[in-house]
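Residues per chain, in single letters:
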Amino acid sequence: MTVLELRQYTMVPDRRADFVDLFDREFVETQEAVGMEVVGQFTDLDRPDRYVWIRRFPDMEKRAASLHAFYSGLVWAEHSAAANPMMTEWHDVLLLRPAGEGHDLAVSAADRPPIGRNDAEGGPLAILVWDVAPDDAANFAKAVARALPVARAVYLTDPSPNTYPRLPVREDASVVVAILDGAPKADGAVVNGRAPSQVLRLAPTQRSALRGA
(Lines give C-alpha, C1' and ligand atoms only; values in the text may rest on other atoms or scores of the structure.)
Protein backbone atom coordinates (compact mmCIF):
# COMPACT_ATOMS: atom_id res chain seq x y z
CA MET A 1 0.00 0.00 0.00
CA THR A 2 1.36 3.40 -0.94
CA VAL A 3 2.39 6.22 1.38
CA LEU A 4 1.50 9.81 0.59
CA GLU A 5 2.71 13.15 1.95
CA LEU A 6 0.38 16.16 1.93
CA ARG A 7 2.71 19.12 2.34
CA GLN A 8 1.65 22.73 3.06
CA TYR A 9 4.24 25.50 2.98
CA THR A 10 3.94 29.11 4.10
CA MET A 11 5.78 31.38 1.72
CA VAL A 12 7.51 34.70 2.18
CA PRO A 13 5.06 37.40 0.96
CA ASP A 14 5.13 37.79 -2.82
CA ARG A 15 7.53 34.85 -3.33
CA ARG A 16 5.05 32.07 -4.05
CA ALA A 17 5.13 32.53 -7.82
CA ASP A 18 8.92 32.36 -7.77
CA PHE A 19 8.78 29.14 -5.76
CA VAL A 20 6.24 27.64 -8.18
CA ASP A 21 8.54 28.39 -11.10
CA LEU A 22 11.57 26.90 -9.35
CA PHE A 23 9.73 23.80 -8.16
CA ASP A 24 8.08 23.04 -11.50
CA ARG A 25 11.39 23.45 -13.31
CA GLU A 26 13.87 21.78 -10.95
CA PHE A 27 12.12 19.54 -8.40
CA VAL A 28 9.68 17.33 -10.31
CA GLU A 29 11.49 14.89 -12.57
CA THR A 30 14.56 15.05 -10.32
CA GLN A 31 12.59 13.68 -7.36
CA GLU A 32 10.98 11.02 -9.49
CA ALA A 33 14.40 9.96 -10.75
CA VAL A 34 15.20 8.69 -7.24
CA GLY A 35 11.99 6.72 -6.72
CA MET A 36 9.25 9.05 -5.48
CA GLU A 37 6.24 10.38 -7.36
CA VAL A 38 5.34 14.06 -7.46
CA VAL A 39 1.55 13.77 -7.67
CA GLY A 40 0.55 17.42 -7.73
CA GLN A 41 1.55 21.01 -6.97
CA PHE A 42 -0.96 23.74 -6.08
CA THR A 43 -1.49 27.30 -4.99
CA ASP A 44 -4.08 27.91 -2.28
CA LEU A 45 -6.97 29.97 -3.66
CA ASP A 46 -7.80 31.45 -0.25
CA ARG A 47 -4.32 32.09 1.16
CA PRO A 48 -1.87 33.87 -1.14
CA ASP A 49 1.09 32.81 1.01
CA ARG A 50 0.39 29.05 0.88
CA TYR A 51 1.81 26.41 -1.46
CA VAL A 52 0.54 22.83 -1.28
CA TRP A 53 1.97 19.73 -2.89
CA ILE A 54 1.64 15.97 -2.76
CA ARG A 55 4.20 13.24 -3.27
CA ARG A 56 3.82 9.47 -3.09
CA PHE A 57 6.06 6.49 -2.27
CA PRO A 58 5.63 2.73 -2.70
CA ASP A 59 6.25 2.12 1.02
CA MET A 60 8.01 3.59 4.06
CA GLU A 61 11.33 1.83 3.43
CA LYS A 62 11.55 3.20 -0.12
CA ARG A 63 10.43 6.60 1.17
CA ALA A 64 13.50 6.77 3.40
CA ALA A 65 15.85 5.73 0.60
CA SER A 66 14.35 8.16 -1.93
CA LEU A 67 14.36 11.13 0.42
CA HIS A 68 17.95 10.46 1.43
CA ALA A 69 18.99 10.22 -2.22
CA PHE A 70 17.32 13.49 -3.15
CA TYR A 71 18.15 15.68 -0.16
CA SER A 72 21.74 14.44 -0.09
CA GLY A 73 22.09 14.78 -3.84
CA LEU A 74 23.37 17.33 -6.29
CA VAL A 75 20.01 18.85 -7.31
CA TRP A 76 19.03 19.88 -3.79
CA ALA A 77 22.57 21.04 -3.08
CA GLU A 78 22.41 23.31 -6.13
CA HIS A 79 18.93 24.79 -5.60
CA SER A 80 18.25 24.69 -1.84
CA ALA A 81 19.90 28.08 -1.32
CA ALA A 82 17.29 29.58 -3.65
CA ALA A 83 14.31 27.55 -2.39
CA ASN A 84 14.69 27.76 1.39
CA PRO A 85 14.62 31.59 1.74
CA MET A 86 11.26 31.67 -0.07
CA MET A 87 9.60 29.71 2.75
CA THR A 88 8.84 30.72 6.33
CA GLU A 89 7.35 27.37 7.40
CA TRP A 90 7.50 23.91 5.82
CA HIS A 91 6.64 21.50 8.63
CA ASP A 92 2.88 21.14 8.05
CA VAL A 93 3.13 17.64 6.61
CA LEU A 94 0.57 14.85 6.88
CA LEU A 95 1.73 11.28 6.31
CA LEU A 96 -1.18 9.36 4.81
CA ARG A 97 -2.21 5.98 3.42
CA PRO A 98 -5.21 5.06 1.24
CA ALA A 99 -8.37 4.33 3.20
CA GLY A 100 -8.76 1.06 1.31
CA GLU A 101 -8.70 -0.58 -2.09
CA GLY A 102 -9.59 1.91 -4.79
CA HIS A 103 -9.13 4.99 -2.62
CA ASP A 104 -5.66 6.01 -3.85
CA LEU A 105 -5.27 8.74 -6.49
CA ALA A 106 -5.31 7.50 -10.06
CA VAL A 107 -2.72 9.87 -11.50
CA SER A 108 0.69 9.40 -13.08
CA ALA A 109 3.60 11.30 -14.56
CA ALA A 110 2.02 10.82 -17.99
CA ASP A 111 -0.68 13.29 -16.93
CA ARG A 112 1.87 16.06 -16.29
CA PRO A 113 2.15 18.93 -18.78
CA PRO A 114 5.67 19.47 -20.12
CA ILE A 115 7.88 22.40 -19.24
CA GLY A 116 6.87 25.49 -21.16
CA ARG A 117 3.24 24.57 -21.72
CA ASN A 118 0.92 27.33 -20.49
CA ASP A 119 -2.47 26.02 -21.64
CA ALA A 120 -2.83 22.90 -19.50
CA GLU A 121 -6.43 21.80 -19.01
CA GLY A 122 -8.03 21.15 -15.66
CA GLY A 123 -9.66 23.23 -12.97
CA PRO A 124 -9.43 23.54 -9.20
CA LEU A 125 -9.42 20.78 -6.62
CA ALA A 126 -10.45 20.61 -2.99
CA ILE A 127 -8.80 18.75 -0.14
CA LEU A 128 -10.98 18.23 2.92
CA VAL A 129 -9.37 17.28 6.23
CA TRP A 130 -11.21 15.97 9.28
CA ASP A 131 -9.49 15.59 12.65
CA VAL A 132 -10.56 12.24 14.10
CA ALA A 133 -9.60 10.01 17.00
CA PRO A 134 -7.18 7.27 15.93
CA ASP A 135 -9.59 4.50 16.90
CA ASP A 136 -12.36 6.13 14.83
CA ALA A 137 -10.33 6.94 11.70
CA ALA A 138 -10.98 3.78 9.70
CA ASN A 139 -14.74 3.88 10.27
CA PHE A 140 -14.95 7.59 9.57
CA ALA A 141 -12.96 7.15 6.35
CA LYS A 142 -15.57 4.62 5.20
CA ALA A 143 -18.30 7.12 6.06
CA VAL A 144 -16.53 9.81 4.02
CA ALA A 145 -16.26 7.47 1.04
CA ARG A 146 -19.98 6.70 1.25
CA ALA A 147 -20.99 10.34 1.70
CA LEU A 148 -18.71 11.62 -1.07
CA PRO A 149 -18.82 9.00 -3.84
CA VAL A 150 -17.36 11.54 -6.29
CA ALA A 151 -14.16 11.86 -4.24
CA ARG A 152 -11.01 11.20 -6.25
CA ALA A 153 -9.35 9.60 -3.21
CA VAL A 154 -9.77 9.09 0.53
CA TYR A 155 -6.83 8.77 2.95
CA LEU A 156 -6.19 8.45 6.65
CA THR A 157 -3.13 9.01 8.78
CA ASP A 158 -0.34 6.48 8.40
CA PRO A 159 0.87 5.89 11.96
CA SER A 160 4.24 4.51 10.89
CA PRO A 161 7.30 6.13 12.47
CA ASN A 162 8.89 8.80 10.32
CA THR A 163 11.64 6.99 8.43
CA TYR A 164 13.39 10.23 7.44
CA PRO A 165 13.59 12.43 10.57
CA ARG A 166 15.46 15.16 8.72
CA LEU A 167 12.02 16.12 7.35
CA PRO A 168 9.47 16.24 10.19
CA VAL A 169 5.84 15.22 9.81
CA ARG A 170 2.87 15.87 12.08
CA GLU A 171 3.25 12.76 14.19
CA ASP A 172 0.50 13.91 16.57
CA ALA A 173 -2.06 14.15 13.75
CA SER A 174 -4.94 11.75 13.21
CA VAL A 175 -6.97 12.74 10.17
CA VAL A 176 -9.15 11.57 7.32
CA VAL A 177 -8.58 13.33 4.00
CA ALA A 178 -10.73 13.45 0.86
CA ILE A 179 -9.65 14.89 -2.50
CA LEU A 180 -12.37 16.14 -4.85
CA ASP A 181 -12.73 18.00 -8.11
CA GLY A 182 -13.96 21.57 -7.90
CA ALA A 183 -13.81 24.21 -5.20
CA PRO A 184 -16.54 23.80 -2.56
CA LYS A 185 -17.66 26.50 -0.21
CA ALA A 186 -15.57 27.11 2.87
CA ASP A 187 -17.83 24.99 5.09
CA GLY A 188 -17.03 21.97 2.93
CA ALA A 189 -18.91 18.68 3.29
CA VAL A 190 -20.53 17.53 6.52
CA VAL A 191 -20.18 13.80 7.17
CA ASN A 192 -21.99 12.20 10.10
CA GLY A 193 -22.63 15.68 11.45
CA ARG A 194 -18.94 16.64 11.31
CA ALA A 195 -17.63 19.42 9.11
CA PRO A 196 -14.03 19.32 7.93
CA SER A 197 -11.52 21.01 10.19
CA GLN A 198 -9.73 22.29 7.09
CA VAL A 199 -10.87 22.96 3.52
CA LEU A 200 -8.13 23.59 0.96
CA ARG A 201 -9.34 25.10 -2.30
CA LEU A 202 -6.46 24.63 -4.71
CA ALA A 203 -5.41 25.63 -8.21
CA PRO A 204 -2.93 23.32 -9.96
CA THR A 205 0.34 24.81 -11.14
CA GLN A 206 1.19 24.56 -14.81
CA ARG A 207 3.08 21.28 -14.29
CA SER A 208 0.83 19.52 -11.79
CA ALA A 209 -0.10 15.98 -12.85
CA LEU A 210 -3.14 16.05 -10.58
CA ARG A 211 -5.73 18.50 -11.94
CA GLY A 212 -9.42 19.09 -11.42
CA ALA A 213 -11.89 17.77 -13.96
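Residues numbered from 1 in each chain as written. Predicted model: local features only at pLDDT ≥ 70, side-chain atom pairs only at ≥ 80, totals over all residues. Heavy atoms only, no water.

A. Local environment of the pattern of salt bridges. Under the definition given, this model contains 15 salt bridges. We note a salt bridge from Glu29 to Arg207, for which the minimum N-O separation is 2.7 Å. Residue Glu29 is found in helix α2 (residues 29-32), and its partner Arg207 is found in the segment after β8 (198-204); the two are separated by 178 residues along the sequence. Using a relative accessible area of 7% as the deciding quantity, one classes Arg207 as buried. Across the pair Arg56 and Glu37 runs a salt bridge whose closest N-O atoms are separated by 2.9 Å. Of this pair, Arg56 sits in strand β3 (residues 50-57) while Glu37 is found in strand β2 (residues 37-44), placing the two residues 19 residues apart along the sequence. One continuous salt-bridge network, built from bridges that share partners, spans Glu5, Arg7, Arg55 and Arg63. (Salt bridge = Lys/Arg side-chain N within 4 Å of Asp/Glu carboxyl O. Helix = DSSP H or I, 4+ residues; strand = E, 2+ residues; numbered from the N terminus. Buried < 20%, exposed > 50% of the residue type's maximum accessible area, 1.4 Å probe, protein only.)

B. Up close: the sheet that holds strand β5 (residues 125-131). Spatial strand order, β1-β3-β2-β8-β5-β7-β6-β4: 8 strands in a closed barrel with antiparallel pairing. When strand polarity is set aside, the average angle formed by the axes of neighbouring strands in this sheet is 35°. (Pairing = 2+ DSSP bridges. Axes fitted to C-alpha atoms, helices over the stretch in contact; angles between N-to-C directions.)

C. Examining the layout of surface pockets more closely. Empty space within the largest pocket amounts to approximately 260 Å³. Lining the largest pocket are 18 residues, with Tyr71, Trp76, Asn84, Met87 and Leu167 sitting closest to its centre. Of all elements in the fold, only β1 (3-11), α1 (16-26), α3 (60-71), α4 (74-83) and β4 (87-98) reach the threshold of two or more residues within the lining of the largest pocket. It is β4 that contributes the most residues to the lining of the largest pocket, 3 residues altogether. Of the residues contributing to the lining of the largest pocket, the split by class is 13 nonpolar, 3 polar and 2 charged. (1 Å grid on protein atoms, 1.4 Å probe; cavity = no way out; pocket = protein on both sides within 12 Å on 5 of 7 lines; lining within 4 Å. Points joined across faces, edges and corners; volume = space filled by probe spheres on them. Nonpolar A, V, L, I, M, F, W, Y, C, P; charged D, E, K, R; others polar.)

D. A look at the packing of α1 against α4. Contact geometry of α1 with α4 gives a least axis separation of 11 Å together with a crossing angle of 175°. The orientation of α1 relative to α4 falls into the category roughly antiparallel. In this structure, α1 contributes Phe19, Leu22 and Glu26 to the contact, and α4 contributes Val75, His79, Ala82 and Ala83. Of the residues assigned to the contact of α1 with α4, the class counts are 5 nonpolar, 1 polar and 1 charged. (Parallel < 35°, antiparallel > 145°, perpendicular 65-115°, else oblique. Contact = heavy atoms within 4.5 Å.)

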